[in-house]
Amino acid sequence: MDPIALSVDDLTVAYHRKPVIWDVEFEIPQGKLVGVVGPNGAGKSTLLKAIMDLIPKASGRVEVFGKPYHQSLHRVGYVPQRESVDWDFPVDALDVVTMGLYRRVGWCLPIRKKHRDAAREALARVGIADLAHRQISQLSGGQQQRTFLARALVQDADLYLMDEPLAAVDAATEAAIVELLKQMQADGKTAVVIHHDLQSVPEYFDHVVLLNMRVVASGRTEDVFTNENLQKTYGGRLTLLDEATEAMRRRERGI
Amino acid sequence: MSEHLWRVLSLQDHNTRVVIFGTAILGFAAGLVGCLTLLRRRALVGDALAHAALPGIAGAFLIATAMGGEGKSLPILLAGATVSGLFGIVSILLIRKMTRIKEDAALGIILSVYFGLGVALLGIVTQMNRGNAAGLESFIYGKTATMTAGDARLIAVASAICVLICIALLKEFKLLCFDEAFAGARGYPVVLLDAVLMSVVVVVTIVGLQAVGLVLVIALLVIPAASARFWTDRLVVMMVIASVLGMTGSFVGAAVSAMLPRLPSGAMIVLAAGFGFLVSFLIGTRRGVLVRLWRRRKLNESIDHQHLLRELYEMFELDPSRVSVPYEELLERRSWSRKRLRRMLEQASREGWITENVSKMEFALTDRGETEAKRLTRRHRLWELYLIRYADIAPQRVDRDADAIEHVLEPEIVAELETLLDNELGKTRMPDDPHADGVAS
């Protein structure tokens, strides 16, 4: 059995006394590529934020490499949702990536050449080294996502938490990011990735957490990524979608 | 008068000199701090704070005089201002947290109520201490004339400390303003950092009250920072420009007010800063309006140029045997007006892309023009193919004016598109127009 990278126990988070996630419980072994899937509003982003103590927990315990988050945070890289920041901010891509190194640079100290070099290298890894000095609003959506990814990579963490890194990116960026994820896994890293496209889940991830306020199922993709579990996760919505597809097919046949 | 003017301008008068320099340092600090609050979208906090400070000023004066002290001592007044200003901020936070009233409405309520309370208290103060309280109202509109050298030194030192804090914590503040969640995930004490940033805003606002006045002090935080954004896409440069603009505005404003004591320094400072904004807004090299107009014009011209060369190329491509094309035929190809086409042709001819015959009604591509037209047509068709092939994700990436498709799309995609073209059409031939029927008919 692999050692555990992330364990979440009995986690409940509430906004304005309305619970967003309930008694969430799962474990992620080290070295896995984990897809977190669930319908909109299922609490996926909330889960990641609660793991990192960014929002208060109503109850529950989170352990990262066997320790509370604040003791392991140097081993965790976070890729927030792309829409969560103002891309008009007056910085360039290299500046953004360097932010991943601020802790290492140290409080109040200026960024030195070795940090800039490390950031450039991270940009090269995501394939946009030539855009280092472009203002971030001039980057395309995929390039912005790559910049965010580079900012997490430059930390050289062991566990990566990513909030929809594959949302609204072009095919080439998606392929590049997936390639990078596989490479990270080969290096022994663990990645927990919120993902919206059910079709590609078995192809990209070897471990899945199905979430809809609570954990419907969690485990190896081939074991838990079943139609039955998906029905439980997406409830009526998936059935509705199926019906709509079926109706469309019928109509097409009719013509 | 002229002697007075000379004394001010040459800064011979010690008090004037100290006051003007103190105000200039304040302007520098406000420009710097303003960049951070602007980017953190907290620009109006300073405004609420300043307005909420008035009851504190009047109250501090009342209490100090009642206790037999010197009511008009600046540190006492500013202490009072800080206390009531912070009360104002806390009231806003409480309203927002405990009710469903949104932040802007809460801001409006608190700002006006505290200001009203301050004006009422000030009325009572002047009623009670005729003459003695004169000068307190200068906090409303700002008056450097009433400042002593000691006041100015206090302002300068406080501002300088704020500048040092911002420089020391520059990268932490930058991260906080850009991506708070990431800062939190990296273990930065976000709440504490935010509190430090807000304290800096509080200090600059409070020490700015006397020079700029509480009605206008917000301008010193917002205007230089907003002006600086027109000139640059880099935070550090923006901060430098904003600081210099804030300093210049304050210097000019304070100097004018010292020269003509009837003009409130706050108004003068804000007008000077406003002038800086107007100039930046118009000719700022990054986002100035004129620059953008000029860029748009260039873009339109370049689009016209591309359209013309492409149309010519396609006409010759359709019938390789022809030597030139007539004006009327060209006119029908697109929706351009006669005047516009004429201008485009003249320019293209001037730049050596095309040749025209004597009657000026027949046109042909020069060698150079043909090479360029071929390149443009190929690029256009690659884009068309891309749009068709990646219809779902294409629109956000399409920048047809980018000089080379390679600069916008990933090399893998370009390679794929080129193979696609080459496979379909053979290497030597120019790719066919993917929507040939559409345009020609």
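Residues numbered from 1 in each chain as written. Chains lettered and ligands numbered in written order. Predicted model: local features only at pLDDT ≥ 70, side-chain atom pairs only at ≥ 80, totals over all residues.

## Digging into the overall build of chain B
- Scanning chain B from terminus to terminus reveals 21 helices and 3 strands.
- Sorting the 441 residues of chain B into buried and exposed places 42% on the buried side.
- If you take every contact in chain B between residues at least 6 apart in sequence, the share linking residues at least 24 apart comes to 71%. (Helix = DSSP H or I, 4+ residues; strand = E, 2+ residues; numbered from the N terminus. Buried ≥ 20, exposed ≤ 12 C-beta atoms within 10 Å, placed from the backbone. Contact = placed C-beta atoms within 7 Å.)

## Looking at the overall build of chain A
- When you go through chain A residue by residue, the secondary structure sums to 10 helices and 9 strands.
- Relative to its length of 255 residues, chain A is compact, with a C-alpha radius of gyration of 19 Å against a globular reference of 18 Å.
- With the principal axes as the frame, chain A shows a C-alpha extent of 65 × 50 × 40 Å.
- Taken across its 255 residues, chain A has 45% of its residues classed as buried.
- Partitioning the contacts of chain A with sequence separation of at least 6, the portion at a separation of at least 24 is 68%. (Rg over C-alpha atoms; globule rule 2.2 N^0.38 Å.)

## Let's talk about the interface of chain B and chain A
- Taken together, the contacts link 27 residues of chain B with 23 residues of chain A.
- Listed by contribution, the elements that provide at least two residues to the side of chain B that touches chain A are α9 (170-178), α10 (180-185), α13 (235-259) and α20 (411-425) of chain B.

## Let's talk about the environment of V19 of chain B
Residue and element names in this part refer to chain B.
- Mapped onto the elements, V19 comes out in helix α2 (residues 14-39).
- A tally of 29 C-beta atoms within 10 Å means that V19 is categorised as buried.
- Remark: the alpha-carbon pair of V19 and A211, spanning 192 residues in sequence, is separated by 9.0 Å.
- Leave out the neighbours within four places in its chain, and V19 touches T144, M147, A152, A254 and A258.

## Some thoughts on the environment of S159 of chain B
Residue and element names in this part refer to chain B.
- Note on placement: S159 falls in helix α8 (residues 149-168).
- Judged by the 26 C-beta atoms lying within 10 Å of it, S159 is buried.
- Taking the C-alpha atoms as reference points, S159 and A415, 256 residues apart in sequence, are found 57 Å from one another.
- The contacts of S159, once residues within four sequence positions are left out, are I25, L26, F28, A29, V204 and V207.

## Here we look at the sheet that holds strand β9 (residues 214-220) of chain A
Residue and element names in this part refer to chain A.
- With mixed pairing, the 6 strands of this open sheet are ordered in space as β5-β6-β7-β3-β8-β9. Either end of the sheet is taken by a strand with one partner, and the two such strands are β5 (76-79) and β9. The mean angle between the axes of side-by-side strands here comes to 15°, regardless of whether they run parallel or antiparallel.
- Sheet topology places β5 next to strand β6 (residues 159-162); 4 bridges connect them, and they run parallel. Along β6, the bridge assignment pairs V76 with L159.
- Where helix α1 (residues 44-51) meets the sheet, it contacts β3 (33-37), β6, β7 (190-194) and β8 (207-212), and its direction lies at approximately 145° from that of β7.
- Set on the sheet, helix α6 (residues 141-153) makes contact with β5 and β6; between it and β5 the angle comes to about 170°. (Pairing = 2+ DSSP bridges. Axes fitted to C-alpha atoms, helices over the stretch in contact; angles between N-to-C directions.)

## A short note on the UniProt feature "transmembrane region" (unreviewed entry) in chain B
Residues and elements named next belong to chain B.
- UniProt feature "transmembrane region" (unreviewed entry): in the numbering of this structure it lies at residues 20-39, 48-68, 74-95, 107-126, 196-223, 235-260 and 266-289.
- For the annotated span residues 107-126, helix accounts for 100% and strand for 0% of the residues, and the straight-line distance between the end C-alpha atoms is 28 Å.
- Its end C-alpha atoms 22 Å apart, residues 196-223 is made of 86% helix and 0% strand. (UniProt positions renumbered as here; feature names shortened; annotations may be inferred.)

## Remarks on the packing of α13 of chain B against helix α14 (residues 265-283) of chain B
Residues and elements named next belong to chain B.
- Two elements in contact, α13 and α14, have axes separated by 7 Å at closest approach and are oriented at 140°. When the interaxial angle is binned, α13 and α14 end up oblique. The hand of the α13/α14 crossing is right-handed. Listed contacts from α14 to L245, G246, T248, G249, S250, V252, G253, A254, V256 and S257 of α13 are S265, M268, I269, A272, A273 and G276.
- Taken together, the residues of the contact of α13 with α14 sort by class into 8 nonpolar, 8 polar and no charged. (Parallel < 35°, antiparallel > 145°, perpendicular 65-115°, else oblique. Left-handed = near helix turned anticlockwise from the far one by under 90°. Nonpolar A, V, L, I, M, F, W, Y, C, P; charged D, E, K, R; others polar.)

## Considerations on helix α11 (residues 190-212) of chain B
- With 23 residues, α11 of chain B extends 31 Å between its outermost C-alpha atoms, agreeing within 8% with the 33 Å of an ideal straight helix rising 1.5 Å per residue.
- At the C-terminal side of α11 of chain B, G213 of chain B shows a positive phi close to 90°. (Expected span 1.5 Å × (residues − 1).)

## Re the sheet that holds strand β1 (residues 325-326) of chain B
All names here are of chain B.
- The 3 strands are arranged β1-β3-β2 in an open sheet whose pairing can be described as antiparallel. Edge positions in the sheet fall to β1 and β2 (354-356), since each of these pairs with one other strand and no more.
- Inspection of the sheet shows β2 paired to strand β3 (residues 362-365) by 3 bridges, in the antiparallel sense. Across the sheet, the residue bridging to T355 is A364, located in β3.
- Contacting β1, β2 and β3, helix α15 (residues 289-318) crosses the sheet at an angle of about 90° to β3.

## Considering the pairing of β3 of chain A
Residues and elements named next belong to chain A.
- Most of β3 is tucked away, with 5 of its 5 residues classed as buried.
- Neither face of β3 is exposed, since L33, G35 and V37 on one face and V34 and V36 on the opposite face are all buried.
- The pairing of β3 with β8 spans 4 bridges and is parallel. Bridge assignment links V36 to a residue of β8, and that residue is V209.

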